[in-house]
Amino acid sequence: IDWWDHVGHAPKDPIMSVTEAFLSDTSPNKINLGVGAYRDDDGRPVVLQCVRDGEVKIAGTEFLESVSASVSSKLVEESVKLIYGKEADFIKEGRFAGVQALSGTGACRLFAEFQRRFYPQSRIYLPIPTWSNHHNIWRDAQVPGRTFHYYHPDSKGLHFAALMDDIKNAPDRSFFLLHPCAHNPTGVDPTEEQWREISNLFKVKNHFPFFDMAYQGFASGDLDKDAKAIRIFLEDGHLIGCAQSFAKNMGLYGHRVGCLSVLCVDAKQAVAIKSQLQHITRAMYSSPPVHGILLVSTILSDPHLKELWKKELKVMANRIHRMRSTLHESLKKLGSPLNWDHMTNQVGMFCFSGLSPDQVNRLVKEFHIYMTYDGRISMAGVTTSNVSYLANAIHEVTK
Ligand SMILES: Cc1ncc(COP(=O)(O)O)c(CN[C@@](C)(CC(=O)O)C(=O)O)c1O
């Protein structure tokens, strides 16, 4: 007898399906503005020099069995310093539970699983809109999702008043997912002043802030500036949860290197939480791949490699910023009747263009230009050689 006849096709992933469509397009003009993967000005993926140098440094030191505790705790400690600042007291006092994770997705999933186990009645408040996979991750952890206002379609900026209302109206001690910088998909971030107000209201409501830091360094080009929101919450005394990914900012997509950190009131609580996180990962995948962790901890703990990484981050962030202004200028030169200021006001990997699904569809059909149907443009897909073709196509479908 058959076993699996009743298994239907899973829903197509809104981001990955764009890449599939792009890959099967044979047109020489095709452009992929879908998945948020960095590309250089020749449209090629980049292996950072700091990664190449890191590889040389670790060549041959691979561990046969799973990662030794010292390497993984080195990765966690360096990652935590990156996010919260190397002088943060809680790090010296061991008041945090930190474990490496399978990149950003794995860190979010691990936290969602932990949240369900220890707050089984809780919900997760996700911004409207957010990274599409956030909904899948907390759903699969059986933590029901709620939403809070974030993006303002008319102004193409932050809907701050509505956001604050939703934070105020949520039940006390609710869990909120926050993008600390380079919001995906909108590229709209609160100002420093607005983050301070959000942090204050979180204190009043005793909400739990869970930061998903997937793009540290891509918004401003500076690691510390991009962690400002988290530093504000830290200064205000919040106990924070944070998922970190080295996929984009170190170009380690396939190595799946990330970190989950949960701040605690004391070292005792930290030891208990860390043991629970390891208990969960043991049953999920035992331990993560070793190579990426070795690479990241080597780069972060070698002052020369870390400085090189910071320079290369700036190069990537600057190129994306240049493409924003070039595309903006090109659209203006074409006499586009629309206001495209949001293209340069927004930050990070993505531009939330405001294109409708129909317009996105026309870009695919008539111009072989691919992006997600919410109109999100991964700016790293724009290059000096395709930007005028892209501007012309956008103008054609929007004039
Ligand atoms: C906000 C956010 N969190 C976590 C991740 C997870 O990345 P990782 O597991 O590879 O570390 C992404 C990646 N989002 C991408 C860049 C790629 C994707 O959808 O997987 C995107 O195109 O939105 C993200 O945008």
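Structural notes, computed from the coordinates. (Residues numbered from 1 in each chain as written. Predicted model: local features only at pLDDT ≥ 70, side-chain atom pairs only at ≥ 80, totals over all residues. Heavy atoms only, no water.)

## Looking at the sheet that holds strand β3 (residues 124–128)
Backbone-to-backbone hydrogen bonds pair the strands of a sheet. The strands run either parallel or antiparallel.
Phase 1: The strand order across the open sheet built from 7 strands is β2-β10-β9-β8-β7-β3-β4, with neighbouring strands paired in mixed fashion. Only two strands of the sheet have a single neighbouring strand rather than two, namely β2 (96–102) and β4 (145–149). This sheet shows a mean twist of 25° between the axes of neighbouring strands, independent of strand direction.
Phase 2: Here β3 pairs with strand β7 (residues 175–178) via 2 bridges, running parallel. Paired with Tyr-125 across the bridge in β7 is Phe-176.
Phase 3: Most of the contacts of helix α5 (residues 103–118) go to β2, to which it runs at about 130°, and overall it touches β2, β3, β7, β8 (208–213), β9 (241–245) and β10 (257–263). (Pairing = 2+ DSSP bridges. Helix = DSSP H or I, 4+ residues; strand = E, 2+ residues; numbered from the N terminus. Axes fitted to C-alpha atoms, helices over the stretch in contact; angles between N-to-C directions. Contact = heavy atoms within 4.5 Å.)

## Topic: the site of the ligand
Phase 1: Surveying the vicinity of the ligand reveals 18 residues, the closest of which are Ser-103, Thr-105, Asp-212, Tyr-215 and Ser-245.
Phase 2: Between the ligand and Ser-103, the relevant distance is 2.6 Å, taken from an oxygen atom to a side-chain nitrogen or oxygen of the residue.
Phase 3: Within the side chain of Thr-105, an N or O atom sits 2.6 Å from an oxygen atom of the ligand.
Phase 4: Protein burial of the ligand: of its 530 Å² of free accessible surface, 93% is covered by the chains.
Phase 5: Mapping the ligand onto the cavity grids shows that it belongs to the largest pocket.
Phase 6: Of the residues forming the shell around the ligand, the biggest block, 3 residues, is contributed by α5. (Near = heavy atom within 4 Å. Polar contact = N/O pair within 3.5 Å; in protein donor to acceptor, adjacent residues only side chain to side chain. Areas by Shrake-Rupley, 256 points an atom, 1.4 Å probe, with all protein chains shown as cover. 1 Å grid on protein atoms, 1.4 Å probe; cavity = no way out; pocket = protein on both sides within 12 Å on 5 of 7 lines; lining within 4 Å. Sits in = over half its atoms within 2 Å of the grid points.)

## Looking at the pairing of β3
Phase 1: Extensive coverage of β3 is indicated by the burial of 4 of its 5 residues.
Phase 2: Pairing between β3 and β4: 5 bridges, direction parallel. In the strand pairing of β4, Pro-127 is matched with Phe-148.
Phase 3: Crossover β3 to β4 through helix α6 (residues 132–140) is right-handed. (Buried < 20%, exposed > 50% of the residue type's maximum accessible area, 1.4 Å probe, protein only. Right-handed = clockwise from strand over helix to strand, strands pointing away.)

## Here's the deal with helix α2 (residues 49–58)
Phase 1: Buried residues of α2: Cys-50, Val-51, Gly-54 and Ile-58, and no others. Along the axis of α2, the buried residues cluster in a sector spanning 95°; they form a single face.
Phase 2: Buried residues belonging to α2 abut α12 (290–301) and α13 (303–333).
Phase 3: Where α2 terminates, the next one or two residues include Gly-60, which has phi positive at roughly 85°. (Arc of directions from axis to C-beta.)

## Quick word on the packing of α12 against α13
Each pair of packed helices gets described by two things: the angle between the helix axes and the distance between those axes.
Phase 1: For the pair α12 and α13, interaxial distance at closest approach is 5 Å and the crossing angle is 95°. The angle between α12 and α13 falls in the class roughly perpendicular. Residue-level contacts link Thr-298, Ile-299, Leu-300 and Ser-301 of α12 to Pro-303, Leu-305, Lys-306 and Trp-309 of α13.
Phase 2: For the contact of α12 with α13, the class distribution of residues is 5 nonpolar, 2 polar and 1 charged. (Parallel < 35°, antiparallel > 145°, perpendicular 65-115°, else oblique. Nonpolar A, V, L, I, M, F, W, Y, C, P; charged D, E, K, R; others polar.)

## Some points on the pattern of salt bridges
Phase 1: Enumeration over the complete set of coordinates arrives at 23 salt bridges.
Phase 2: Asp-140 is paired through a salt bridge with Arg-139; the nearest N and O atoms lie 3.2 Å apart.
Phase 3: Assessed through its relative accessible area of 43%, Asp-140 is described here as partly exposed.
Phase 4: Through salt bridges with shared partners, a single network forms among Lys-74, Glu-77, Glu-78 and Lys-81. (Salt bridge = Lys/Arg side-chain N within 4 Å of Asp/Glu carboxyl O.)

## Observations regarding the side chain of Thr-372
Phase 1: Within the fold, Thr-372 resides in the loop between β12 (369–370) and β13 (376–378).
Phase 2: Looking at Thr-372, its side chain comes within polar contact range of the side chain of Asp-374, at 2.7 Å.
Phase 3: With residues up to four places along the chain from it excluded, the contact list for Thr-372 reads Pro-14, Ile-15, Val-18 and Val-360.

## Things to note about the environment of Thr-191
Phase 1: As for its position among the elements, Thr-191 is in the loop between β7 and α8 (192–205).
Phase 2: A sequence separation of 64 residues divides Thr-191 from His-255, and the C-alpha atoms of the two residues are 33 Å apart.

## Some thoughts on the packing of aromatic side chains
Phase 1: Within the structure shown, the criterion is met by 23 aromatic pairs.
Phase 2: Centroid distance Phe-176 to Phe-202: 5.2 Å. Interplanar angle 65°. Geometry classified as edge-to-face. One end of the pair, Phe-176, is in strand β7; the other, Phe-202, is in helix α8, with 26 residues separating them in the sequence.
Phase 3: Geometrically, the ring pair formed by Phe-202 and Phe-233 is edge-to-face, given 5.6 Å between the ring centres and 80° between the ring planes. Residue Phe-202 is located in helix α8, and its partner Phe-233 is located in helix α10 (residues 228–235); the two are separated by 31 residues in the primary sequence. (Phe/Tyr/Trp six-rings, centres within 6.5 Å; stacked < 30°, edge-to-face > 60°.)

## What about helix α3 (residues 69–84)?
The periodicity of an α-helix, 3.6 residues per turn, causes residues three or four places apart in sequence to face the same way.
Phase 1: Taking 1.5 Å per residue, 16 residues should reach 22 Å; α3 reaches 22 Å between its end C-alpha atoms and fits that length.
Phase 2: Listed as buried for α3 are Val-71, Ser-72, Leu-75, Val-76, Glu-78, Ser-79, Val-80, Leu-82, Ile-83 and Tyr-84.
Phase 3: Gly-85 occupies a position one or two residues after α3 and carries a positive phi of about 100°. (Expected span 1.5 Å × (residues − 1).)

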